[in-house]
Amino acid sequence: MSSDAHKPPAKDGIAIEGLCKRFGSVRALDDVSFRVPLGSVFGLLGPNGAGKTTLFSIVADFVRPDSGRAKILDIDVRDARSLLGRFSILPQDAEFERNVPVWDQLYYFRRLAGTAPDEARADVERTLGLVGLAEHRRRSIQALSHGMKKRLGIAQAFLGDPDVILLDEPTAGLDPQSVRQIRDLIGQLKSRATVVVSSHNLDEIQELCDHVAILDRGALLAAGPVEELTRSGRELDLELSRALSAEERRELEDVGGVTGVRDRGDARLSLTLDLGNGRDQDAVVAEILRLLMSRDVVPRSLAEGRSLEAEFLRRVSSGAPASEDVPPAA
C-alpha cells in the first residue's frame, strides 16, 4: 500500500502565510495571509495593481517571495514534484504554439506530465468536449478566435482532473456569450476541485464564488465566506406599485436591520441591510413586506442587490485592515 494512503486529508486547498514581495520600491504583497477551503470556488478580488497576479505567480512557484510561504494541499509550493498532476494554472495571457493543432498541443502537455499515451488521448478528448472545442481539434492556434483561445487555456488547466486550479482573469476581453460559457465551465468544477479565480469583475466573483479575498495595493483587506463579508451591507432592490411618501420612507428606515433607503426613481428603491447581531434576512424582508402591504403598496419585484460591490468599495476606499476577518495561518 502507498504511504500516501496513510496521510491525513489536506486541511486547506491553499494556505497563504505571511507573503511579502517587493519589486524595487513597489510593495506588491505586504504580509498577506488567508486560507482557501477545500472544494471552494474562491475569488481573489482587487483593482489593477492590487497584487493578484503576483500572488498567483508565487503560488505557482514562478516567483519566490521575499518572506512567507504558500502551500497547496498542505504541501509547500516549492516542492513541485509532490504537486505534479494535482495543481494547474491558467495565466492571464496564456500562450500556445501558433502553428500546432489544438489536439496535438494538449496531448503534448499530458505526455509531458508523464501520462501514458492511451490515457493522454482519452483525457484530451474528454477535456475538448468539456470546453466545447472537440470539433476544432485539428485547427491551429492562429485559426482560433479570442474566445476559443481562452477556452483552450481553460482546457489546458482542466487536463488530468487536478485537485486545485488557479484561473487568472479567465474572462478578460471576452464577448458576453463567451463569458457565459467560461463561467458555466467554472461552475461545473465546484464539486470536483478547489478553484481560485482572480478578477476585478465584482459581478463575476459574486456569481461564481462562495469565498473571497480582497486585495488592494499589496494588502489584504478582507477574506472569508461571501455570505459573511456581505452581511453588514446586504442590498435589496425593490420595485413597487407606487412611489412612497416621505413618511412611508421614514417608516421603512425604522425597520430593524434596515440601515439605508435609496430612491432609484420610478417607484424603485434600494435598501441596505445590516444582518449582524444574529438578524435573519428572511425575517427582515418579511417585516419590510408587511409594512409595505399595510400601506397598500404592492411589491412587484424583489431582488438581492450587488452587496459584494458595496463591501468591496467600502473596504478599498477605507483601506480597512483584514485582521478581524482572517484566522491566523497554521
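Values in this document were obtained by computation on a predicted structure and should not be read as measured data.

### Observations concerning the side chain of Lys71
Structurally, Lys71 is set in strand 4 (residues 67-72). Take Lys71: its relative accessible area is 15%, and that puts it in the buried class. Reaching out from Lys71, the side chain makes a polar contact with the side chain of Glu17 at a distance of 3.4 Å.

### A few points about the sheet that holds strand 2 (residues 26-36)
Spatially, 2-1-4-5 is the arrangement adopted by the 4 strands of the open sheet, whose pairing is antiparallel. The sheet is open, and its two borders are formed by strand 2 and strand 5 (75-76), each paired with just one other strand. Pairing analysis gives 7 bridges linking strand 1 (residues 14-23) to strand 2, with the strands arranged antiparallel. Within strand 2, the residue paired with Ile16 across the bridge is Phe34. Sheet strands touched by helix 1 (residues 52-59): strand 1, strand 2 and strand 4. Its angle to strand 1, the strand with the most contacts, is close to 115 degrees.

### Considering the nonpolar core
Ranked by size, the top nonpolar core spans 46 residues in total, and within it Leu45, Leu152, Ile154, Phe158, Leu167 and Ile186 carry the most contacts. If we ignore the near neighbours within four places in the chain, the residues touching Leu167 are Phe56, Leu90, Ile154, Ala157, Ile186, Val195, Val196, Val197 and Ser198. Residues Leu73, Val164, Ala213 and Leu215 belong to the second largest nonpolar core, which totals 30 residues.

### Brief notes about the packing of aromatic side chains
Each aromatic ring pair is specified by the distance between its two centres and by the angle formed by the two planes. On inspection of all chains with the given rule, the structure shows 4 aromatic pairs. Measuring from ring centre to ring centre gives 5.4 Å for Phe34 and Phe42, while their planes differ by 5 degrees; the resulting arrangement is stacked. Each of the two residues, Phe34 as well as Phe42, counts as buried. Arranged with centres 5.0 Å apart and planes meeting at 15 degrees, the rings of Trp103 and Tyr107 form a pair that is stacked. Here the residue Trp103 and the residue Tyr107 both occupy positions in helix 3 (residues 102-112), the gap between them amounting to 4 residues, near one helical turn. Taken as a pair, Trp103 and Tyr107 share a single burial class, namely buried. Through pairs of rings, three or more aromatic residues link up here, namely Phe96, Tyr108 and Phe109.

So, how was this worked out
Residues numbered from 1 in each chain as written. Predicted model: local features only at pLDDT ≥ 70, side-chain atom pairs only at ≥ 80, totals over all residues. Heavy atoms only, no water. Helix = DSSP H or I, 4+ residues; strand = E, 2+ residues; numbered from the N terminus. Buried < 20%, exposed > 50% of the residue type's maximum accessible area, 1.4 Å probe, protein only. Polar contact = N/O pair within 3.5 Å; in protein donor to acceptor, adjacent residues only side chain to side chain. Pairing = 2+ DSSP bridges. Contact = heavy atoms within 4.5 Å. Axes fitted to C-alpha atoms, helices over the stretch in contact; angles between N-to-C directions. Core = buried A, V, L, I, M, F, W, Y, C linked by side-chain atoms within 4.5 Å. Phe/Tyr/Trp six-rings, centres within 6.5 Å; stacked < 30°, edge-to-face > 60°.

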